[in-house]
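# Close look at the chain arrangement
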Amino acid sequence: MKLPVATEWALHCATSLAQLEPGTTASAADLAEHFGLPAAYLAKQLQALTRAGVLAATTGPRGGFRLGRAPADTTLLQIVEAVDGASPPYECREIRRQGRGALPASWCRHECILAVKMADAHQAWRASLDGVTLADILADIPAAAPARTRKLLGR
């Protein structure tokens, strides 16, 4: 499975915002500059995160984005699904029933085993991401990273 590049951006931006002092915001422009990303496209991803409740946005001269809930209450799955959706990456179109090699109907009474195994893998992937919070990520980054991030992004 290959996720869009925007997923990486969203994960890094949320992690950076999680390092800021509570109530502190960073603008889309600041985050874009921080990571060397196109501001207009990043802003769309930040808006998607806001719609999903992962981030909260404020307006005005000191406005910007901050986490919408505590790092311990924000999972990687929530971030990924906010920008990439929750649709499974594999869709079985039952080609086993088509063409010259079509299987007899009696062989296809059960769901395609490939579809089952792909769904199992997708559920395992989702469960893995759902089991990791931003607090877990913050616990594994270098100790000096939050202070550096606050210095570069905090408003």
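Residues numbered from 1 in each chain as written. Predicted model: local features only at pLDDT ≥ 70, side-chain atom pairs only at ≥ 80, totals over all residues. Heavy atoms only, no water.

Scanning the chain from terminus to terminus reveals 7 helices and 2 strands. For the chain, the α and β elements follow one another from N to C terminus as α-α-α-β-β-α-α-α-α. Its C-alpha atoms give the chain a radius of gyration of 20 Å, more than 25% over the compact-globule value 15 Å for 155 residues. Its C-alpha atoms give the chain principal-axis dimensions of roughly 65 × 30 × 25 Å. Relative to its 155 residues, the chain shows a buried fraction of 34%. Sequence-distant contacts, at least 24 apart, represent 70% of the contacts inside the chain between residues at least 6 apart. Accessible surface, the chain as shown: approximately 9400 Å² in total, 55% of it carbon and sulfur. Computed over 17 positive and 14 negative side-chain charges, the separation of the two mean positions in the chain equals 5 Å. (Helix = DSSP H or I, 4+ residues; strand = E, 2+ residues; numbered from the N terminus. Rg over C-alpha atoms; globule rule 2.2 N^0.38 Å. Buried < 20%, exposed > 50% of the residue type's maximum accessible area, 1.4 Å probe, protein only. Contact = heavy atoms within 4.5 Å. Areas by Shrake-Rupley, 256 points an atom, 1.4 Å probe, with all protein chains shown as cover. Lys, Arg positive; Asp, Glu negative; His and termini not counted. Charge placed at Lys NZ, Arg CZ, Asp CG, Glu CD.)

Quick look at the packing of aromatic side chains now. What the rule picks out here adds up to 1 aromatic pair. Geometrically, the ring pair formed by Trp9 and Tyr41 is edge-to-face, given 5.2 Å between the ring centres and 80° between the ring planes. Placement of the pair is Trp9 in helix 1 (residues 5–18) and Tyr41 in helix 3 (residues 39–51), with a sequence separation of 32 residues. A relative accessible area of 11% means that Trp9 is categorised as buried. (Phe/Tyr/Trp six-rings, centres within 6.5 Å; stacked < 30°, edge-to-face > 60°.)

With that out of the way, let us pick up unusual backbone geometry. The phi dihedral of Glu94 falls on the positive side, at around 55°, and the residue is not glycine. Position of Glu94 relative to the elements: it lies in the loop between helix 4 (76–84) and helix 5 (113–130). Here Glu94 falls in the partly exposed class, since its relative accessible area comes to 23%.

Bringing the environment of Lys2 into the picture now. Following the sequence through the fold, Lys2 ends up in the segment before helix 1. Counting along the chain gives 141 residues from Lys2 to Ala143, while the straight-line C-alpha distance between them is 31 Å.

A few words now on the pairing of strand 1 (residues 55–58). By the bridge criterion, 4 bridges tie strand 1 to strand 2 (residues 64–67) in an arrangement that is antiparallel. In the strand pairing of strand 2, Thr58 is matched with Gly64. As consecutive antiparallel partners, strand 1 and strand 2 are separated by 5 residues, and within that stretch Gly60 has a phi angle of approximately 105°, a positive value. (Pairing = 2+ DSSP bridges.)

A word on the confidence of the model for the chain. Caution is warranted with low-pLDDT regions, since their predicted coordinates should not be read in detail. Here the chain averages 93 in pLDDT, while 99% of its residues score no lower than 70. In the model of the chain, helix 7 (residues 145–153) stands out as the element of lowest mean pLDDT, 93, in contrast to helix 6 (residues 134–140), which has the highest, 97. (pLDDT = per-residue confidence, 0-100.)

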